[in-house]
Amino acid sequence: MVRVSGVCWSTARRVVVTGLGLVTPLGCGSQHVWDRLCRGDVGIVRLAGPEFAGLPSRVAGLVPEGSAAGQLNLADHFAASERRSLSRATCLAVVAAEEAARSAGWRPRTETEQERTAVCIGMASPDLEDIAASARRLQERGARGVSPHFAARILHNMPAGLVAIRLRCRGPNHAASTACATGAHAIGDALRLLRAGAADAAFCGAADAGVSPLAVAGFSQMRALSVRSNAAPAEASRPFDAARDGFVMAEGAGVLLLETLEHARRRGGRPIAELLGCGLSGDARHVTAPCEDGDGARRAMAAAMRDAGVSPGDVTHVNAHATGTPLGDRAELGAVAALLAGSQPLVTSCKGSLGHLLAAAGAVEAAATALSCRHGLVPPTANLAHPEPVDGVRLVVPPRAAHWRTAGRRVALKNSFGFGGTNTSLCFAEFVE
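Residues numbered from 1 in each chain as written. Predicted model: local features only at pLDDT ≥ 70, side-chain atom pairs only at ≥ 80, totals over all residues. Heavy atoms only, no water.

Trainee: What is the right way to read the packing of aromatic side chains from this model?
Mentor: Counted according to the given criterion, the structure contains three aromatic pairs. Ring centres 4.9 Å apart and planes at 85° place the aromatic pair Trp 106 and Phe 203 in the edge-to-face group. Here Trp 106, found in the loop between α3 (88-104) and α4 (111-115), pairs with Phe 203, found in strand β9 (residues 201-208); they are 97 residues apart in sequence, far enough to count as distant. Using a relative accessible area of 0% as the deciding quantity, one classes Phe 203 as buried. Taken together, a centroid distance of 6.4 Å and an interplanar angle of 50° make the contact between Phe 219 and Phe 419 tilted. Here the residue Phe 219 occupies a position in helix α9 (residues 213-221), and Phe 419 occupies one in the loop between β17 (411-418) and β18 (422-429), the gap between them amounting to 200 residues. Exposure remark for Phe 219: the relative accessible area of 18% places this residue in the buried category. Pairwise contacts between aromatic rings join Phe 219, Phe 247 and Phe 419 into one cluster. (Phe/Tyr/Trp six-rings, centres within 6.5 Å; stacked < 30°, edge-to-face > 60°. Helix = DSSP H or I, 4+ residues; strand = E, 2+ residues; numbered from the N terminus. Buried < 20%, exposed > 50% of the residue type's maximum accessible area, 1.4 Å probe, protein only.)

In structure tokens:
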């Protein structure tokens, strides 16, 4: 048994993170991305293609491609026929999941282990350009112009489905789709499956590859994207900064391997961090704008702490959703301060370095939060030069990561919020025996 803030959990119910896989604008590989996050590096580039000319926002976070260290070469992972039949988001999810499995030394040795391993990987939106191009071919050439792989490519559960096929996971197979909260929701769903005894292990997270002219135009028309830094892409994403003017679209994938502690010990897995709880809430207010007072965010964080059995005084770090929008960042920071002012938490946003990976954001940032719990470091918020003053929190400013010092166990919250007023918060902690 282990006691956390007065709550006793059996060893079988404890859920730990044992593997991580990341594909991001800062590169591929969890250690590579973590090192760059801690340095405050930025992965935002200019959208130079003619198809983006004339759009209000011309910056994005794109996964670097090539054969050098930290770069992505899909030919190393998929045959040419597979690359034609799979969406980019599905491919990114598979690459991340395979790294998570490899880093954890995970492989199913028996049919029972296959059947006791779940997959919970989400996607928010299919490839809009694929849909638009297929519609044009249908108009021009009829049904023969549409690829036989079109329907499978646009389904939201294809990343989860292909990860299960590639890794031989025959347990529950599930896909969340809750806009920018997708990745965190998928992790919370996996946590509940493990607690309920429906599986012993779960690959969970999300992927997104939605950077396209159509998507950029749509978000630009909503006035959600940064438009002031087209000539200086590295300065465009500015969470919590007084000069922020919107988020920067990005692509990538993040996958965590969760296991019950009992299962991890049985197979020799080594915990990176512990996942203590998940909290959910809904704003029920507006399709795109959060509650100005941060009420939805506050209730999600409070629910995560109740689920985890920790008090506000235990939480000393928050990896924020903070996308760089004027209203959203202010509302979230106010909610954190109102709930956790007594512990003066270190607060950061990875989106200054990565941009906003949309569906995948929560999963990638959850991986960063788990690594913070393990190493006692909190990456800085890149481009945070003029933070808006808020009492009760400590914003981590460049140029380097902050040392996370606390008298007790390191406990953190990871927030993710999505259009439609959906909110989720995950509670991670340093693993202790």
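Next, the rest of the story.
Trainee: Hey, could you run me through the pattern of salt bridges in this one?
Mentor: Two side chains bearing opposite charge may form a pair once their charged atoms approach each other closely. Inspection of every chain in the model, using the stated rule, returns 26 salt bridges. Linking Arg 88 and Glu 65 is a salt bridge whose minimum nitrogen-to-oxygen distance equals 3.0 Å. Within this pair, whereas Arg 88 is found in helix α3, its partner Glu 65 is found in the loop between β6 (59-61) and α2 (80-85), the two being separated by 23 residues in sequence. Of the residues examined, Arg 88 reaches a relative accessible area of 24% and is grouped as partly exposed. A salt bridge links Arg 166 to Glu 98; its shortest N-O distance comes to 3.1 Å. In this pair, Arg 166 is assigned in helix α7 (residues 158-167) and Glu 98 in helix α3, connecting sequence segments 68 residues apart. Its relative accessible area of 28% is what places Arg 166 among the partly exposed residues. (Salt bridge = Lys/Arg side-chain N within 4 Å of Asp/Glu carboxyl O.)

Trainee: When you look at unusual backbone geometry in this model, what are you seeing that I'm missing?
Mentor: Where the residue is not glycine, phi is negative for most of them; where a peptide bond is considered, it is trans in most cases. For the bond from Pro 398 to Pro 399, the omega torsion is 15°, close enough to zero to count as cis. For Pro 399, the location among the structural elements is in the loop between β15 (394-395) and β16 (402-403). Non-glycine residue Gln 344 carries a positive phi angle of around 50°. Tracing the backbone shows Gln 344 in the loop between α12 (326-340) and β13 (346-348). Of note, the phi angle at Asn 383 is positive, near 70°, even though the residue is not glycine. Turning to its location among the elements, Asn 383 is positioned in the loop between β14 (377-378) and β15. The buried category is assigned to Asn 383, whose relative accessible area is 17%.

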